[in-house]
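Remarks on the overall topology
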Amino acid sequence: MYRLGCNIPGTILWGNGKVARAGKYEEFKKANDFLIECGFDYVETPLGNVMAMSDKEVAKGGEELTLRATNGFLPKKLYSHYDELVAYAEKAFKRLKTLGVETAVFGSGKHRKITFEFMRKKRMMMLKDYLKTIGDCAYENGVTINIEPLNSGETNVFNTVQETCDFVRELNHPAVVALADIYHMGLMKEDFSVIEKEKELIKHIHVSEKNRAMPGEPGNGEENFLSEFFAIANNVGYDNKISVEAKLNNLQKQGPLSFRTLNSFQK
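Rules used in this analysis
- Residues numbered from 1 in each chain as written.
- Predicted model: local features only at pLDDT ≥ 70, side-chain atom pairs only at ≥ 80, totals over all residues.
- Heavy atoms only, no water.
- Helix = DSSP H or I, 4+ residues; strand = E, 2+ residues; numbered from the N terminus.
- Expected span 1.5 Å × (residues − 1).
- Buried < 20%, exposed > 50% of the residue type's maximum accessible area, 1.4 Å probe, protein only.
- Contact = heavy atoms within 4.5 Å.
- Axes fitted to C-alpha atoms, helices over the stretch in contact; angles between N-to-C directions.
- Parallel < 35°, antiparallel > 145°, perpendicular 65-115°, else oblique.
- Left-handed = near helix turned anticlockwise from the far one by under 90°.
- Nonpolar A, V, L, I, M, F, W, Y, C, P; charged D, E, K, R; others polar.
- Phe/Tyr/Trp six-rings, centres within 6.5 Å; stacked < 30°, edge-to-face > 60°.
- Lys NZ or Arg CZ within 6 Å of the ring centre and 35° of its normal.
- Pairing = 2+ DSSP bridges.

1. Looking at helix α1 (residues 25-38)
Spanning 14 residues, α1 covers 20 Å between terminal C-alpha atoms, matching the ideal 20 Å at 1.5 Å per step. All of the buried residues along α1 are Tyr-25, Phe-28, Lys-29, Ala-31, Asn-32, Phe-34, Leu-35 and Cys-38. Elements that come into contact with the buried residues of α1 comprise β1 (3-7), β2 (11-15), β4 (42-46), α3 (55-64), β5 (67-71) and α11 (251-263). Gly-39 sits one or two residues past α1 and shows a positive phi near 125°.

Printed below as a string of structure tokens:
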């Protein structure tokens, strides 16, 4: 059976005007504990929040937090900061191991974007080399890198799940797998059937309503969007993590609602 998680963004909006920064350990822990109380199995957060922790907080988090996935990854443009970002990844994976994180989502659309089309072949070779290099470090630390397809309005590298799976298959690294984000799939008009076709390579999934609203929110864009996805996930026996990644503006209200909505699809 899959595990359900929820993303804690950099800015935590609790509702009623209460705002907190996830970069502050105690605020992050408060949100972590609240989401676990809602019923979620784990939490996810941008890697930047992990890198903002002190060494002491990372060690403490390994005991106190239920953080099992991160997203984002690159803090700056890959192609002009290659060596620096290899060192950044090496430090990140060591921290993730201490925290018990199993999944590092490789998103960062603008930082992997290829500016000039005539440079695509060279840039893709650099990207492959980068993922193989940091993949070795991820493997040593028990973390998988999940490449996230993003819609073409955000990047021009990895826009569909199928394209991403084809790349992962060609790369052939044990620590590099694929992710499916159903919001981006909707924008790219990619059928959910690809999840069944590529079930061996898809090891992490992001969900939201079709308009990026939190699960269960009214006026969500398409009533059957989530049910159609879960019908596929249940049918193929998907048994990895599924994280809510959506527009969060009232954690106090949306956290419990999102869990109840997703849990209703479990079989």
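Let us keep going from here.
2. Quick look at unusual backbone geometry
The backbone of Asn-16 shows a phi angle near 55°, a positive value even though the residue is not glycine. Along the chain, Asn-16 falls in the loop between β2 and β3 (18-21). Residue Asn-16 is classed as exposed on the basis of its relative accessible area of 82%. In this structure, Arg-212 is a non-glycine residue whose phi angle is positive, near 80°. With respect to the helices, strands and loops of the structure, Arg-212 is situated in the loop between β9 (202-207) and α10 (225-236).

3. Focus on the packing of helix α4 (residues 82-99) against helix α6 (residues 120-140)
Their axes nearest at 9 Å, the elements α4 and α6 cross at an angle of 25°. When the axes of α4 and α6 are compared, the pair comes out roughly parallel. Pair α4 / α6 crosses with right-handed handedness. Contacts between α4 and α6 involve Tyr-82, Leu-85, Val-86, Ala-89, Glu-90, Phe-93 and Lys-97 from the first element and Met-126, Asp-129, Tyr-130, Thr-133, Ile-134, Cys-137, Ala-138 and Glu-140 from the second. Its residues assigned to classes, the contact of α4 with α6 shows 10 nonpolar, one polar and four charged.

4. Focus: the packing of aromatic side chains
Per the stated rule, a full pass over the model turns up 13 aromatic pairs. One aromatic cluster in this structure is built from Tyr-2, Phe-192, Phe-225, Phe-229, Phe-230 and Phe-265. Directly above the aromatic system of Trp-14 lies the positively charged group of Lys-30, at a separation of 5.1 Å from the ring centroid.

5. Side note on the sheet that holds β9
Taken in spatial order, the eight strands line up as β1-β4-β5-β6-β7-β8-β9-β10 and close into a barrel, and their pairing is parallel. Here the average twist between neighbouring strands, direction ignored, is 30°. Running at roughly 145° to β4, α1 makes contact with β1, β4 and β5 of the sheet. Each of β7 (144-147), β8 (176-181) and β9 is contacted by helix α7 (residues 161-171), which is oriented at about 175° to β8, the strand it contacts most.

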